[in-house]
Amino acid sequence: PDIIEAINHASCQLAAGEVAELDLARAEHPSWEAYREVIHLKTASLLEACCRSGALSAGLSVAHVDGASRFGQRFGMAFQMCDDLLDLGGIPDLDKPVRTDLANGLANFPSLLRRELTGRSLADLASLSTQELFGTLRDEGVLSRARDLIGKELGAAARELAGLPDLPARAHLAGLLADLEERSSRALSG
């Protein structure tokens, strides 16, 4: 029953996230808080439910189930921020279309950071080469701020992971975390 409840809760959050994303897209001045809510509902809640369900299936204590849930939530937040950065094209030959968010003017992680730091739209840079785009974002402090925010989520996820029992699943999650740290670093380097 606890697993069914976790999946049901995540399903409701995913649906709410779709609505929140539409609201964010329509907002004249999208906010950082609204973006965080969208990625929590659409991405982090799913990973949180997966980690919670795994911990429940393993028969872990309530404290460890909650820790696994928090790991999934923080990992999911970092994952989505990294995914938004990948839209800029910093990792060549990635099996993901690039600049679709930028072309569509979506309010995503790098666009909101640039607006917060400079008051300008990321769409202003759409015609630049990847190297020029990353140079501008580096000069404006956008990439540094992105690194800090992703690092905060990854650090919190690592602390939650360290509190979980030393089981094979923890080693697997540590590998996923290391992969995301490496991918984030590559996505930020341009």
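Preceding this paragraph is the structure being described.
Calculation rules
- Every chain is numbered on its own, with residues counted from 1 as its sequence reads.
- Given that this is a predicted model, residues contribute local features only at a pLDDT of at least 70 and side-chain atom pairs are listed and counted only at 80 or more, while totals for whole chains, interfaces and linings are drawn from all residues.
- Side-chain metrics rest on all non-hydrogen atoms present in the structure, leaving aside hydrogens and water.
- A run of H or I in DSSP becomes a helix once it reaches four residues, and a run of E becomes a strand once it reaches two; helices and strands are each numbered from the N terminus.
- Two things to know: the radius of gyration comes from C-alpha atoms, and the globule rule equals 2.2 Å times the number of residues to the power 0.38.
- Exposure is judged per residue with a 1.4 Å probe applied to protein chains only, and the accessible area is read against the type maximum: over 50% gives exposed, under 20% gives buried, and values in between give partly exposed.
- Whether two residues touch is decided by their heavy atoms; if any such pair falls within 4.5 Å, the residues are in contact.
- In the sections that follow, a salt bridge refers to a side-chain nitrogen of Lys or Arg positioned within 4 Å of a carboxyl oxygen of Asp or Glu.
- What we call a nonpolar core is a set of buried Ala, Val, Leu, Ile, Met, Phe, Trp, Tyr and Cys residues that are connected through their side-chain atoms within 4.5 Å.
- One fewer than the residue count of a helix, multiplied by 1.5 Å, yields its expected span.
- Definitions used throughout: a 1 Å grid over protein atoms alone; a cavity as a set of points that fits a 1.4 Å probe which cannot get out; a pocket as an open set with protein on both sides within 12 Å along at least five of seven lines; a lining residue as one with an atom within 4 Å of a point.
- Grid points are joined across faces, edges and corners, and a volume is the space filled by probe spheres set on the points.
- Here the term charged refers only to Asp, Glu, Lys and Arg, the term nonpolar to Ala, Val, Leu, Ile, Met, Phe, Trp, Tyr, Cys and Pro, and the term polar to all other amino acids, Gly among them.

J.: Explain the overall build of the protein chain to me, and be specific about the residues and the numbers.
T.: Within the protein chain one finds 8 helices and 0 strands. The linear arrangement of helices and strands in the protein chain, starting from the amino end, is α-α-α-α-α-α-α-α. Relative to the globule expectation of 16 Å for 190 residues, the C-alpha radius of gyration of the protein chain, 17 Å, shows essentially globular dimensions. Taken along its principal axes, the extent of the C-alpha atoms in the protein chain is 55 × 30 × 30 Å.

J.: Lay out the environment of Glu181 in plain terms, naming residues and giving numbers.
T.: As for its placement among the helices and strands, Glu181 is situated in helix 8 (residues 168–189). Residues Glu181 and Ile150, spaced 31 residues apart in sequence, show a C-alpha to C-alpha distance of 8.8 Å.

J.: Which residues make up the side chain of Gln13, and what values go with them?
T.: Inspection of the secondary structure puts Gln13 in helix 1 (residues 2–26). With a relative accessible area of 13%, Gln13 lands in the buried category. Non-local contacts of Gln13, meaning those with residues more than four positions away in its chain, are made with His40, Leu41 and Ser45.

J.: Can you break down the pattern of salt bridges residue by residue, with the values?
T.: For the structure shown, the criterion picks out 10 salt bridges. Between Glu153 and Arg74 there is a salt bridge whose closest N-O contact spans 2.5 Å. Remark: Arg74 occurs in helix 3 (residues 62–86) and Glu153 occurs in helix 7 (residues 142–162); sequence separation between them is 79 residues. By relative accessible area, which is 23% here, Arg74 ends up partly exposed. Where Arg145 meets Glu116, a salt bridge forms, and the shortest distance between an N and an O atom there is 3.4 Å. Linking Arg145 in helix 7 with Glu116 in helix 5 (residues 109–118), this pair joins segments that are 29 residues apart in sequence. By relative accessible area, which is 30% here, Arg145 ends up partly exposed. Overlapping salt bridges, with partners in common, bring together Glu18, Glu21 and Lys42 in one network.

J.: Describe the nonpolar core, naming the residues involved and giving the relevant values.
T.: By size, the foremost hydrophobic cluster in this structure holds 46 residues, and its most contacted members are Trp32, Tyr35, Phe71, Met81, Leu85, Phe109 and Leu137. Of all the secondary-structure elements, those providing two or more residues to this core are helix 1, helix 2 (32–57), helix 3, helix 5, helix 6 (130–139), helix 7 and helix 8. Among the elements that take part in this core, helix 3 stands out by supplying 10 residues, more than any other. Apart from residues lying up to four places away in sequence, Met81 is in contact with Trp32, Tyr35, Arg36, Ile39, Phe109, Leu149, Ile150 and Glu153.

J.: Give a detailed account of helix 7, specifying residues and quantitative values.
T.: For helix 7, built from 21 residues, the straight-helix expectation of 30 Å at 1.5 Å per residue is met to within 8% by its first-to-last C-alpha distance of 30 Å. Where the residues of helix 7 are buried, they touch helix 2, helix 3, helix 5, helix 6 and helix 8.

J.: Give a detailed account of the layout of surface pockets, specifying residues and quantitative values.
T.: As a volume, the largest pocket reaches approximately 290 Å³. Lining the largest pocket are 16 residues; nearest its centre among them are Glu21, Asp84, Leu106, Ala107 and Asn108. Looking at the lining of the largest pocket, the elements that each hand over two or more residues are helix 1, helix 2 and helix 3. Considering every element that reaches the lining of the largest pocket, the biggest residue donor is helix 2, with 5 residues. Its residues assigned to classes, the lining of the largest pocket comprises 7 nonpolar, 3 polar and 6 charged.

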